[in-house]
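As a plain string of letters, each chain reads:
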Amino acid sequence: GEEQAREIAGYYSRVLAAMSAEPDTCHEAVCLLSNDERRRLLVELNETTATFSEEKCVHQLFGERAERAPDAIAVRFGREELSYRELNVRANKVAHHLRTIGVGPEVLVGILMDRSLEMLVGLLAVLKAGGAYLPLDPEYPPERIAFMIDDSQARVILTQNSLLDRLSDTAAPTICLDADYSTFIHQSGEDLQTPKT
């Protein structure tokens, strides 16, 4: 439900904050979670959402860290890795695209992805665009995923090509961060201005 989504969002926000604070520490994509830990976070965890600085948002702190330590490895997943600069640029490109399709304050974006670099890019991009995200577990039945999307009125769904069949029951527009990369590759890689609420 809505409370569960806020809790999960708080967890991911804490991870991004940790990445901003510790640029020399390698962070595997999606927080080094095992499948069981990921399922517990998405389904069961009842943890208080973290409170961050009232002056700056997590994605702004991340952008500043990317400027100060651009070549430090931010995430590593299997044989793939991204520096803070590379992760920031990828997220900025997606965020600029999200802005062009109306994502901003009070706009919800669903994220249906397996553990991957793309998932972290998507989470950061939504924050940079000024929106909020709704984590969707790929292991949920398609009808449950469709209900969550329709009930939340998510504007768009960020996903992966391999998971499109999980979205067969919803008409919400989708963006595959792997297969659709050419859609936003020409977008600016610069940090976005924080939208006014």
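Since this is a predicted model, take the numbers as computed values, not measurements.

A separate point is the overall build of the chain. Scanning the chain from N- to C-terminus turns up seven helices and seven strands. Starting at the N terminus, the α and β elements of the chain follow one another as α-β-α-α-β-β-α-β-α-β-α-β-β-α. Per-residue burial for the chain yields a buried fraction of 50% across its 197 residues. When contacts within the chain are restricted to residue pairs at least 6 apart in sequence, long-range pairs at least 24 apart make up 72% of them. Element-wise, carbon and sulfur atoms account for 47% of the exposed surface of the chain, whose accessible area totals about 9,900 Å².

Before going further, it helps to examine the pairing of strand β2 (residues 73-77). Side chains on a regular strand alternate between the two faces of the sheet. When β2 meets strand β3 (residues 80-83), the two strands line up antiparallel, connected through four bridges. Its bridge partner lying in β3, R76 is registered against E81.

A few words now on the confidence of the model for the chain. Low pLDDT marks stretches whose predicted atomic positions should not be read closely. Considering every residue of the chain, the mean pLDDT works out to 76; 64% of them sit at 70 or more. Segment residues 26-34 is flagged for pLDDT under 50; beyond a separation of four residues in sequence, or across chains, it makes 32 contacts in the model. Taken together, the stretch residues 37-54 has pLDDT below 50 and engages in 37 contacts with residues farther than four places along the chain or on a different chain.

Strand pairing in a sheet is mediated by backbone hydrogen bonds. Such pairs are either parallel or antiparallel. The parallel open sheet is built from four strands, whose spatial order is β5-β4-β6-β7. Each edge of the open sheet is held by one strand with a lone partner, namely β5 (132-136) and β7 (174-176). Averaged over all adjacent pairs, the angle separating strand axes in this sheet is 25°, with direction ignored. Where strand β4 (residues 108-112) meets β5, five bridges bridge the pair, whose relative direction is parallel. Along β5, the bridge assignment pairs L108 with A132.

Mapped onto the fold, Q160 is located in the loop between β6 (156-159) and β7. Among the polar contacts listed, one links the side chain of Q160 to the backbone nitrogen of D114, at a separation of 2.8 Å. With near-sequence residues (within four places) excluded, Q160 lies in contact with L112, M113, D114, S116, E118, C176 and D178.

Right, let's talk about the environment of R155 for a bit. Within the secondary structure, R155 sits in the loop between α6 (142-152) and β6. With a relative accessible area of 39%, R155 lands in the partly exposed category. Ignoring anything within four residues of it in the chain, the contact list for R155 reads I101, G102, V107, L108 and P173. At 3.2 Å, the side chain of R155 forms a polar contact with the backbone oxygen of G102.

Another aspect to go through is helix α5 (residues 117-129). Its 13 residues place the ends of α5 18 Å apart at the C-alpha level, agreeing with the 18 Å of an ideal helix rising 1.5 Å per residue. Judged by how many residues are buried, α5 sits mostly within the fold: 12 of 13 residues are covered. Among the residues of α5, those classed as buried are L117, M119, L120, V121, G122, L123, L124, A125, V126, L127, K128 and A129. Where α5 ends, the next residue or the one after it, G130, has phi of about 95°, a positive value.

Next up on the list: the packing of aromatic side chains. Per the stated rule, a full pass over the model turns up one aromatic pair. Here Y181 and F184 contribute two aromatic rings whose centre-to-centre distance is 5.3 Å and whose plane-to-plane angle is 90°, an arrangement assigned as edge-to-face. Of the two residues, Y181 and F184 are both situated in helix α7 (residues 181-184); the distance of three residues between them amounts to about one turn of the helix. Given the relative accessible area of 0%, F184 is considered buried.

Bringing α6 into the picture now. All of the buried residues along α6 are P142, I145, A146, M148 and I149. All buried residues of α6 fall inside an arc of 160° around its axis, so they share one side. More than 90 degrees from the buried face of α6, the exposed residues found are E143, F147 and D151. Buried residues along α6 sit against β4, β5 and β6.

The rules behind the values
- The numbers attached to residues start from 1 for each chain and follow its sequence in the written order.
- At least 70 in pLDDT is required for a residue's local features to be given in this predicted model, at least 80 for side-chain atom pairs to be given and counted, and no such filter applies to totals for whole chains, interfaces and linings, which use all residues.
- Where side-chain values are given, they derive from all heavy atoms of the structure, hydrogens and water being excluded.
- Under the scheme used here, helices are H or I runs from DSSP no shorter than 4 residues and strands are E runs no shorter than 2 residues, and both carry numbers assigned from the N terminus.
- Buried residues are those whose accessible area, probed at 1.4 Å on protein chains only, stays under 20% of the maximum for their type, while exposed residues exceed 50% and partly exposed ones sit between those limits.
- For this analysis, residues touch if any pair of their heavy atoms sits within 4.5 Å.
- The Shrake-Rupley method, run with a 1.4 Å probe sphere, supplies the accessible areas, and residue values consider only the shown protein chains as cover.
- We call two strands paired when DSSP finds no fewer than two bridges between them.
- Note on scores: pLDDT gives the predictor's confidence for each residue, bounded by 0 and 100.
- Lines are fitted to the C-alpha atoms to define the axes, a helix being fitted only along its stretch in contact, and any angle between axes, read from their N-to-C directions, falls within 0 to 180 degrees.
- Polar contacts here mean pairs of N or O atoms no more than 3.5 Å apart (in protein, one a potential hydrogen donor and the other a potential acceptor; neighbouring residues in sequence count only if both atoms are side-chain atoms).
- Between the first and last residue of a helix there are one fewer steps than residues, each counted as 1.5 Å, and that sum is the expected span.
- Under the pairing criterion, centres of Phe, Tyr and Trp rings, with the six-membered ring standing for Trp, must be within 6.5 Å; the plane angle then separates stacked pairs below 30 degrees from edge-to-face pairs above 60, leaving the rest tilted.
- As used here, the arc belongs to the directions running from the helix axis to the C-beta atoms.

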